[in-house]
Amino acid sequence: MKLIQSRNIELVAYLSVQSFEELLNNSFELSPDEEIALLGYKKEPVDVSKVISIISKAPVKGLSAISNVYKLAGLYLSAKSEVSKQLREKYQQSDLKQKYFLTKIEPSLKTQLEYEVKALQTEPLAVLINTVFDVDKVNETKLNNALQVVTEVAEIDVQLQILLEDIQTTLLNIRYINKSANEVIRDILNNFSNAIQKIIKNRRKGHPDFEVEDEYDVQDILYVVLKSVFPNLRDEDAIPKVGGKTTKIDLIIREERILIEVKMIKEKDSNETHFIEQLKVDFESYHECKWLEKLFCFVYDPYKKTRDISNFNDLNGNRKKGEHQFDVEVIVAD
């Protein structure tokens, strides 16, 4: 949240490394030199002579035009051959945290950093970086201690934020090593009706049952379940208007390029017809999410109002509009 509030070159670097699609959809407040670096982060063509002009500027009060590592990284991405020397010099002058960031910009530096962190086994930052590089050899107690030390002593800046997110992703990948994000979500949605029985019918004596009355109740329950697996999950995000209508996305896992739309067929509803038409309209809005690759539509039908499941199944498959396309999968649970 703190990062997003500052529309600076640090946010540019963060989005380039962690969420490239979001980088393309944001605007920033940058200096002229940083605007050139931005083009490098965006992988857009740059006049190399402009990059050379920037890196050739004489230092002012000991600070050169490339003292800022985030500007330097963007300029390097704009003109790798011309800025390679400066980037590698910056790497040698950096601490472990900054060196890790630079490996995200130039992956060939990773081998050197791997060697360095293995020689510093008790250094907290080295433990964190080792977790990403070789998670199988990291002791859990050692990792927890390192996390506690680093987050208590150091301010969580761009570089540490990237490292912590990479650790999170690494650990989640180990936990679900044999399953993709799509497979995990599919399992959760398919087992929803069975799992929910515990809280709507079979609660402990003296504890009231939960009432699931509409799709917002379903969405809240799914949010709790999915958030425990996908910590970056967000809910209720509006997307640009299409045909005068604004659609709100129920659940979003942007890092996995996944959206989850939630519907509930209530007791007063006669059948699935209205929901089919509603989903078709929503699909058009989702093309505004250019990063979207997978859309799950979860339909909870506890009163068994669906007359023909094939009406929902017909919605499955690829949706294409212009250059954008995404895959739809409808899961109906009763």
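Scroll up to find the structure this text is about.
Residues numbered from 1 in each chain as written. Predicted model: local features only at pLDDT ≥ 70, side-chain atom pairs only at ≥ 80, totals over all residues. Heavy atoms only, no water.

K.L.:
Can you explain the overall build of the protein? Please cite residues and give values.
P.N.:
What the protein contains, in helices and strands, is 17 helices and six strands. Per-residue burial over the protein gives 44% buried out of 334 residues. For the protein, the share of sequence-separated contacts (at least 6 apart) that also reach a separation of at least 24 residues comes to 60%. Counting only carbon and sulfur atoms, one obtains 48% of the accessible surface of the protein, whose full area is about 18200 Å². Charged side chains in the protein number 46 positive and 55 negative. The centres of these two groups are separated by 2 Å. (Helix = DSSP H or I, 4+ residues; strand = E, 2+ residues; numbered from the N terminus. Buried < 20%, exposed > 50% of the residue type's maximum accessible area, 1.4 Å probe, protein only. Contact = heavy atoms within 4.5 Å. Areas by Shrake-Rupley, 256 points an atom, 1.4 Å probe, with all protein chains shown as cover. Lys, Arg positive; Asp, Glu negative; His and termini not counted. Charge placed at Lys NZ, Arg CZ, Asp CG, Glu CD.)

K.L.:
So what about the pairing of strand β6 (residues 324–333)? Which residues, and what values?
P.N.:
In terms of burial, β6 is a largely internal element, seven of the ten residues being buried. Across seven bridges, strand β4 (residues 294–300) lies against β6 in parallel orientation. Within β6, the residue paired with L295 across the bridge is V328. Sheet topology places strand β5 (residues 317–321) next to β6; five bridges connect them, and they run antiparallel. Within β6, the position partnered with G317 by the bridge is V328. (Pairing = 2+ DSSP bridges.)

K.L.:
Residues and numbers for the side chain of R254, please.
P.N.:
With respect to the helices, strands and loops of the structure, R254 is situated in the loop between β2 (248–253) and β3 (258–264). Once residues within four sequence positions are removed from consideration, R254 is found in contact with S19, E21, E22, N25 and W291.

K.L.:
Could you give an account of helix α13 (residues 181–190), with specific residues and numbers?
P.N.:
Of all the residues in α13, the buried ones are A181, V184, I185, I188 and L189. All buried residues of α13 lie within an arc of 130° about the axis, which places them on one face of the element. (Arc of directions from axis to C-beta.)

K.L.:
Run through the layout of surface pockets, naming residues and quoting values.
P.N.:
The computed volume of the largest pocket comes to approximately 740 Å³. What lines the largest pocket is a set of 24 residues, among which M1, L3, I4, Y14 and Q161 lie closest to the centre. Those elements giving two or more residues to the lining of the largest pocket turn out to be α1 (2–5), α2 (9–18) and α12 (158–175). Top contributing element to the lining of the largest pocket by residue count: α2, with four residues. Its residues assigned to classes, the lining of the largest pocket shows eight nonpolar, six polar and ten charged. (1 Å grid on protein atoms, 1.4 Å probe; cavity = no way out; pocket = protein on both sides within 12 Å on 5 of 7 lines; lining within 4 Å. Points joined across faces, edges and corners; volume = space filled by probe spheres on them. Nonpolar A, V, L, I, M, F, W, Y, C, P; charged D, E, K, R; others polar.)

K.L.:
Before we move on, can you summarise the packing of helix α8 (residues 96–105) against helix α9 (residues 110–118) with the specific residues and values?
P.N.:
It is the contact of α8 with α9, at a shortest axis distance of 9 Å, that shows an interaxial angle of 150°. Judged by the angle between their axes, α8 and α9 are roughly antiparallel. Where α8 crosses over α9, the two elements pack in a sense that is left-handed. In this structure, α8 uses L96, K99, Y100 and T103 to contact α9, whose residues at the interface are K110, L113, E116 and V117. (Axes fitted to C-alpha atoms, helices over the stretch in contact; angles between N-to-C directions. Parallel < 35°, antiparallel > 145°, perpendicular 65-115°, else oblique. Left-handed = near helix turned anticlockwise from the far one by under 90°.)

K.L.:
Could you give me a rundown of the pairing of β3, with the residues and numbers involved?
P.N.:
Counted residue by residue, β3 has seven buried out of seven residues, so it is predominantly covered. With burial as the criterion, each face of β3 is covered, one bearing I258, I260, V262 and M264 and the other bearing L259, E261 and K263. Bridge count for β3 against β4 is seven bridges, and the pairing is parallel. Note that in β4 the partner of L259 across the bridge is L295. Once the chain exits β3 it traverses helix α16 (residues 273–286) before rejoining the sheet at β4, and the crossover so formed is right-handed. (Right-handed = clockwise from strand over helix to strand, strands pointing away.)

K.L.:
Describe the state of the cysteines, listing the residues and the values that go with them.
P.N.:
In protein chemistry, a disulfide is the covalent bond that joins the sulfur atoms of two cysteines. If you walk through the whole model with that rule in mind, you get zero disulfides. Cysteine C289 shares no disulfide, and the gap to the nearest cysteine sulfur, in C297, comes to 13 Å. (Disulfide = S-S within 2.5 Å.)

K.L.:
Go over the pattern of salt bridges, please, and point to the residues and values.
P.N.:
Within the structure shown, the criterion is met by 14 salt bridges. Ionic pairing is found between R257 and E293, a salt bridge with its closest N-O pair at 3.5 Å. One end of the pair, R257, is in the loop between β2 and β3; the other, E293, is in the loop between α16 and β4, and 36 residues separate them in sequence. Sharing partners across several salt bridges, the network here consists of R186, K294, D327 and E329. (Salt bridge = Lys/Arg side-chain N within 4 Å of Asp/Glu carboxyl O.)

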